[in-house]
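Residues per chain, in single letters:
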Protein chains: 2
Amino acid sequence: MTFSRADLELLRQTASGGACVLVSTHIHPDPDAVGSALAAAEMLSQLGARPRVILEDEVPSRCKNLPGAERIDVYAAAKTESPFAAAVIVDAGSLSRIGDVRNLLTPDAILFNIDHHVSNDRFGAVNFVDVECAATAEMLFLLLRELNLILTPGLADNLLAGLLTDTGRFRYSNTTPRVLRLAGDLIEAGAHVTDITNGMYYDIPSADILSMGAVYSTLELHQNGRISLLFARLDHLVEDPDTVVDIALSIRGVCVAALLSETREGKIRVSLRSKHSINVARIAESLGGGGHERAAGFRMKGTLETVRDRVLPILREEVRTKIDKPAFEEA
Amino acid sequence: MTFSRADLELLRQTASGGACVLVSTHIHPDPDAVGSALAAAEMLSQLGARPRVILEDEVPSRCKNLPGAERIDVYAAAKTESPFAAAVIVDAGSLSRIGDVRNLLTPDAILFNIDHHVSNDRFGAVNFVDVECAATAEMLFLLLRELNLILTPGLADNLLAGLLTDTGRFRYSNTTPRVLRLAGDLIEAGAHVTDITNGMYYDIPSADILSMGAVYSTLELHQNGRISLLFARLDHLVEDPDTVVDIALSIRGVCVAALLSETREGKIRVSLRSKHSINVARIAESLGGGGHERAAGFRMKGTLETVRDRVLPILREEVRTKIDKPAFEEA
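What you see is a predicted model; the values in this text were computed from it and never measured.

Some remarks on the domain arrangement of chain A
In many analyses, interface size is given as the accessible surface area lost on bringing the parts together.
Argument step 1. Each assigned domain of chain A is listed here: domain 1 (5-201) and domain 2 (206-330).
Argument step 2. Spacing between the C-alpha centres of domain 1 of chain A and domain 2 of chain A amounts to 32 Å.

Right, dumping it as structure tokens:
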């Protein structure tokens, strides 16, 4: 990413002299969203602004210990004197992704759009968008250097949280040499790698352990162990279902995994994960949901059993055609 | 670590001209041991030697896909023509740690000792020992640079396996800036970070998922949620008990965790893990076991219930004195 001098200058001017600047991110924020918002706020403070971080939703529990998280306001409870004429929006592909928080902007507000999503629609007056970055945190780190700001330990913690989680703890294919070297720089600057990782991945409510026990005991394997299914009844819902469906995909030999969970509104939520050439986004879309190629989901009326009987034949067919007998052009 | 020119020269000379060099590591090898042995063998090949990797024990299943692992011989089945006059021993604090493999050495064999353990007793003619290194893999990486060898993708995979696992996936306090920058270099050199991480952490036998379900369902919390206990009956033993006891320690608020497992020889194996100031090595030692401050264990006669009743009061007392009422000098 090369930053234009004009864009950097506009950011400096906008932030100077104690200007009130809104910082926000997408609804249902993940650690890259929260960490990047907090990092952006600190960078704005260094530039002279008075930033306010306001999100549509509550900060998830695993982000509550990030430095500065206590200063985040939730939209419904946020008191604002007047609308904001400037905002830094991080990790959001479009302005609609910040939810009702956009009601806090003046019609002509200057928007700085900092993001790494392929789907980003360039909604800002200034668009710092780099799809080569693994995380928005990585974008902010590059911007911080460009602006010659100080990498404080608090900034380092918030940026590390984003890098860690958007790369799946340095596991996904977006774990580039640059990502790891930046992580090294963050630790050198004082990031608390043990505390941040523990907070993101090792702070499980005890009720979740009991629920995971009950859910793991429901394991079904199909199609010669290529498909794994887990089932969660209402009394076994866990705070972080991603961990559970990731475990289902982690089974030796499994190519596609599904977690079927009862929901309070009476539907079954299906979370899909895949390895290799199985595109679960397409399956989820065909059933009214959506997502990414390797992680997608949908909701469907029925019981755990009826939804299983609806989904399993589709997964079987997918494994038969994509894994067991790959098409000629894929072989 | 600074390597002496004389030591480096001795290594070059020893390895030159097709010399047969033994490579080995400690019994019950972990990924840093196996990855480092394989990396050392490739480095010796680049220097002109014909290395043989011979270990006392089987390669653990999570290391079987490391590049070159198929060439590792197990001592009991290894055919050797004559004893080895030179050996590179990695990740072993003393020569006794390689088990019966030491029977394959001539009495005057030149030993190269490459390790990062504090307990290393400098058993080699050459001792490349640096306790500041997070992993023996890190030592080998520094040595590789010093020798100007080629960092092939296979070497990069083996070194990454060691760095990853000895830092707990870049989580423990030994995750220095250098570790992460070296990991970046390894990925740049072609290490397959997704495959290696999946092989180390996400290749779980399906029977283990069902067993983990049964074990998680036994969770007990004591002393206001500071102590967590899990119980594994013989029919619920898992291939990798470390994962299970780590989960017990990952529960919000828990300071000390124990997994009590039945064993085939009729004893109870107790695995202890701790956070903060609780020293589980001392507890394990007082009961006939051993280990590190944060991870230790022992075996005891009895049933799951009688051993629980023996251990729990000790853990309660530890939490009472160390966590609830820290001594004056620790406050």
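Having seen it, we continue.
Description of the interface of chain B and chain A
Argument step 1. Between chain B and chain A, the residue contacts involve 41 residues of the former and 41 residues of the latter.
Argument step 2. Carbon and sulfur atoms supply 59% of the area that chain B and chain A bury against each other, a total of about 3800 Å² over both sides.
Argument step 3. Three residues, Arg171, Arg181 and Arg252 of chain B, lead the burial of chain B against chain A; their summed loss comes to 19% of the area buried on that side.
Argument step 4. Counting every contact that joins chain B to chain A gives eight salt bridges.
Argument step 5. The residue Glu239 of chain B makes a salt bridge to Arg252 of chain A at a minimum N-O spacing of 3.4 Å.
Argument step 6. The tally of links from chain B across to chain A stands at 22 residue pairs in polar contact (both at pLDDT 80 or more).

Considering the side chain of Thr263 of chain A
Residues and elements named next belong to chain A.
Argument step 1. Mapped onto the elements, Thr263 comes out in the loop between strand 9 (256-262) and strand 10 (267-274).
Argument step 2. A relative accessible area of 10% means that Thr263 is categorised as buried.
Argument step 3. Within polar-contact distance, the side chain of Thr263 engages the backbone oxygen of Lys267 at 2.8 Å.
Argument step 4. With sequence-adjacent residues up to four places away left out, Thr263 is seen in contact with Leu234, Arg269 and Arg299.

Re the side chain of Asp130 of chain B
Residue and element names in this part refer to chain B.
Argument step 1. Looking at where Asp130 falls in the secondary structure, it is placed in the loop between strand 6 (126-129) and helix 3 (136-146).
Argument step 2. Notably, Asp130 is buried but unbridged: the nearest opposite-charge side chain belongs to Arg178, and the N-O separation is 4.5 Å.
Argument step 3. Looking at Asp130, its side chain comes within polar contact range of the main-chain nitrogen of Met1, at 3.4 Å.
Argument step 4. At 2.8 Å, the side chain of Asp130 forms a polar contact with the backbone nitrogen of Glu132.
Argument step 5. Apart from the residues lying within four places of it in its own chain, the contact partners of Asp130 are Met1, Asp115, His116, Met139 and Arg178.

A word on the relation of the copies chain B and chain A
Argument step 1. Rotating chain B by 180 degrees and translating it 0.1 Å along the rotation axis places it on chain A, where the RMSD comes to 0.1 Å. Taken together, the rotation and translation describe the operation of a two-fold axis. Judged by C-alpha distance, Gly213 of chain B is the residue of chain B that lies nearest the rotation axis, at 1.9 Å.

A look at the sheet that holds strand 2 (residues 50-55) of chain A
All names here are of chain A.
Argument step 1. Spatially, 3-2-1-4-5-6 is the arrangement adopted by the six strands of the open sheet, whose pairing is parallel. With one partner strand each, in any of the chains shown, strand 3 (73-74) and strand 6 (126-129) form the two edges of the open sheet.
Argument step 2. Taken together, the four bridges between strand 1 (residues 20-24) and strand 2 define a ladder with parallel strand orientation. Pairing of Val21 across the sheet is with Pro51, part of strand 2.
Argument step 3. Along the sheet, helix 2 (residues 31-46) contacts strand 1, strand 2 and strand 4 (84-90); its crossing angle with strand 4, the most-contacted strand, is approximately 135 degrees.
Argument step 4. Helix 3 (residues 136-146) contacts strand 4, strand 5 (105-115) and strand 6 of the sheet and is inclined by roughly 95 degrees relative to strand 5.

Cut-offs and rules
Every chain begins its residue count from 1, and numbering advances along the sequence as written. Lettering of chains starts at A and numbering of ligands starts at 1, both following the order in which they are written. Thresholds applied to this predicted model are a pLDDT of at least 70 for local features of residues and 80 or more for the giving and counting of side-chain atom pairs; totals over whole chains, interfaces and linings are not thresholded and use all residues. Excluding hydrogens and water, the side-chain figures rest on all heavy atoms present in the structure. Marked domain ranges trace back to an automatic or database domain assignment. What makes two residues a contact is simply this: any of their non-hydrogen atoms within 4.5 Å. Put simply, buried area is how much 1.4 Å-probe accessible surface two parts lose in total, over both of them, once they are put together. Within this document, salt bridges are pairs made up of a side-chain nitrogen of Lys or Arg and a carboxyl oxygen of Asp or Glu, the two lying within 4 Å of each other. Contacts described as polar in this section are N or O atom pairs within 3.5 Å, which, within protein, must combine one atom able to donate a hydrogen with one able to accept it, while residues neighboring in sequence count only if both atoms come from side chains. Each helix corresponds to a stretch of at least 4 residues labelled H or I by DSSP, and each strand to a stretch of at least 2 residues labelled E; elements are numbered beginning at the N terminus. A 1.4 Å probe rolled over the protein chains alone gives each residue an accessible area, and that area as a share of the maximum for its type sets the label: buried under 20%, exposed over 50%, partly exposed in between. His is not counted here, nor are the chain ends, while Lys and Arg score as positive and Asp and Glu score as negative. All copies are superposed by least squares; the fitting set is the C-alpha atoms of residues with a pLDDT of at least 70 in both. Pairing between strands requires that DSSP locate at least two bridges from one strand to the other. Note on method: axes are straight lines fitted to C-alpha atoms, helices fitted across the in-contact stretch only, with angles between N-to-C directions ranging 0 to 180 degrees.

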